[in-house]
Amino acid sequence: MINRIRDIRREKGFTLADVGARCTPPTTAQTIGRLETGMRNLSLTWMNRIAAALDVVPELLVRGQDAPVPELIARFADNGAEALPAPRDALLPTTLGGSGTLVAMAVEVGAGDYRAGDQVWLRQHGAEDFARLLNRDVLAPRSGGRFAFGRLIDRHENRVALLPPGAGQRQVVIDNPAWLAAAEMLVRRL
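All values derive from a computational prediction rather than experimental measurement.

What counts, and at which threshold
Numbering of residues starts from 1 in every chain and runs along the sequence as written. Whole-chain, interface and lining totals are the exception, using all residues; otherwise, since this is a predicted model, local features are given only for residues with pLDDT of at least 70 and side-chain atom pairs are given and counted only at 80 or more. To obtain the side-chain values, all non-hydrogen atoms of the structure were used and water was disregarded. Exposed residues in this analysis have more than 50% of their type's maximum accessible area, buried residues have under 20%, and partly exposed residues fall in between, with area computed by a 1.4 Å probe over protein chains only. Helix and strand definitions follow DSSP, with helices as H or I runs of at least four residues and strands as E runs of at least two, each counted in order from the N terminus. Whenever a nitrogen or oxygen atom comes within 3.5 Å of another N or O atom, the pair is scored as a polar contact, on the condition that within protein one atom can donate a hydrogen and the other can accept it, and that pairs from neighbouring residues in sequence are kept only if both atoms are in side chains. A carboxyl oxygen of Asp or Glu within 4 Å of a side-chain nitrogen of Lys or Arg is what we treat as a salt bridge. Two strands pair under a simple rule: DSSP has to find at least two bridges between them. Note on method: axes are straight lines fitted to C-alpha atoms, helices fitted across the in-contact stretch only, with angles between N-to-C directions ranging 0 to 180 degrees. Any two residues whose heavy atoms approach within 4.5 Å are treated as being in contact.

Chemist: Please clarify how helix 3 (residues 29–37) should be interpreted in this entry.
Modeler: Along an α-helix, residues three or four apart share an orientation, since each turn contains 3.6 residues. Along helix 3, the residues that are buried comprise Thr31, Ile32, Gly33, Leu35 and Glu36. In the segment just after helix 3, glycine 38 is the residue with positive phi, at about 85 degrees.

Now the structure itself:
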């Protein structure tokens, strides 16, 4: 088994101390470091604590020896592309955690900033979060198994208004959607 704690921690931008502080009960950066490097045994209890601190499911913290995983080998910074000190696992959108279910939408016809062939990854939110989603692109369920996608431009009580991408589109008003899914990541083939 290969320990992926360090890769996930770095992808999320956390330090060892951040993860230790987010554990329940809190622990030290040194302990997290020992668990990452295998100097300390990664028990199920530790997996659950660290997974909760990283906001991922515990199964993502380890992987089999033979499982192929895309690697993050470079970064683009002020001076252009540069090698990382050491390659690390590239995390797929499904492993990034966060509250709410992650869903995806395929773009078949380009409109606005979206091109045919794009995949939009979105995270579902309940009605209590709708106000925070204003001016974000969202997917909303409609009656009859249909959906609407666009910029959330208005919210009043249980009604939301979306402006679909592209020039000349008219707003779509939806009464009492069960959820809204906010766009978090765009995957585009080059």
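Chemist: What exactly am I supposed to notice about the side chain of aspartate 118 here?
Modeler: If you trace the backbone, aspartate 118 turns up in the loop between strand 5 (102–106) and strand 6 (119–125). A polar atom in the side chain of aspartate 118 sits 2.8 Å from the backbone nitrogen of arginine 115. Here arginine 188 takes part through its side chain, which lies 2.7 Å from a polar atom of the side chain of aspartate 118.

Chemist: Would you mind showing me how to read the pattern of salt bridges here?
Modeler: Oppositely charged side chains can form a pair if their charged atoms are brought close together. Going through the model one piece at a time under the given rule, you end up with 7 salt bridges. A salt bridge links aspartate 118 to arginine 188; its shortest N-O distance comes to 2.7 Å. Of this pair, aspartate 118 sits in the loop between strand 5 and strand 6 while arginine 188 sits in the segment after strand 11 (180–187), placing them 70 residues apart in sequence. A relative accessible area of 2% means that aspartate 118 is categorised as buried. For aspartate 137, the salt bridge identified is with arginine 151, shortest N-O distance 2.8 Å.

Chemist: Which parts of the structure should I look at to understand the sheet that holds strand 10 (residues 172–175)?
Modeler: Backbone hydrogen bonds are what pair the strands of a sheet, in a parallel or an antiparallel way. Ordered in space as 5-6-11-7-8-9-10, the 7 strands form an open sheet in which the pairing is antiparallel. Whereas interior strands pair on both sides, the edge strands pair on one side only; in this sheet they are strand 5 and strand 10. Going from strand to strand, the sheet's axes swing by 45 degrees on average, the running direction of each strand aside.

Chemist: What should I look at first to understand the environment of arginine 188 in this one?
Modeler: Residue classification places arginine 188 among the partly exposed residues on the basis of a relative accessible area of 27%. Spatially, the C-alpha atom of arginine 188 lies 8.1 Å from that of arginine 115, the residues being 73 residues apart in sequence. If sequence neighbours within four positions are ignored, arginine 188 has contacts with Asp113, Tyr114, Arg115 and Asp118.

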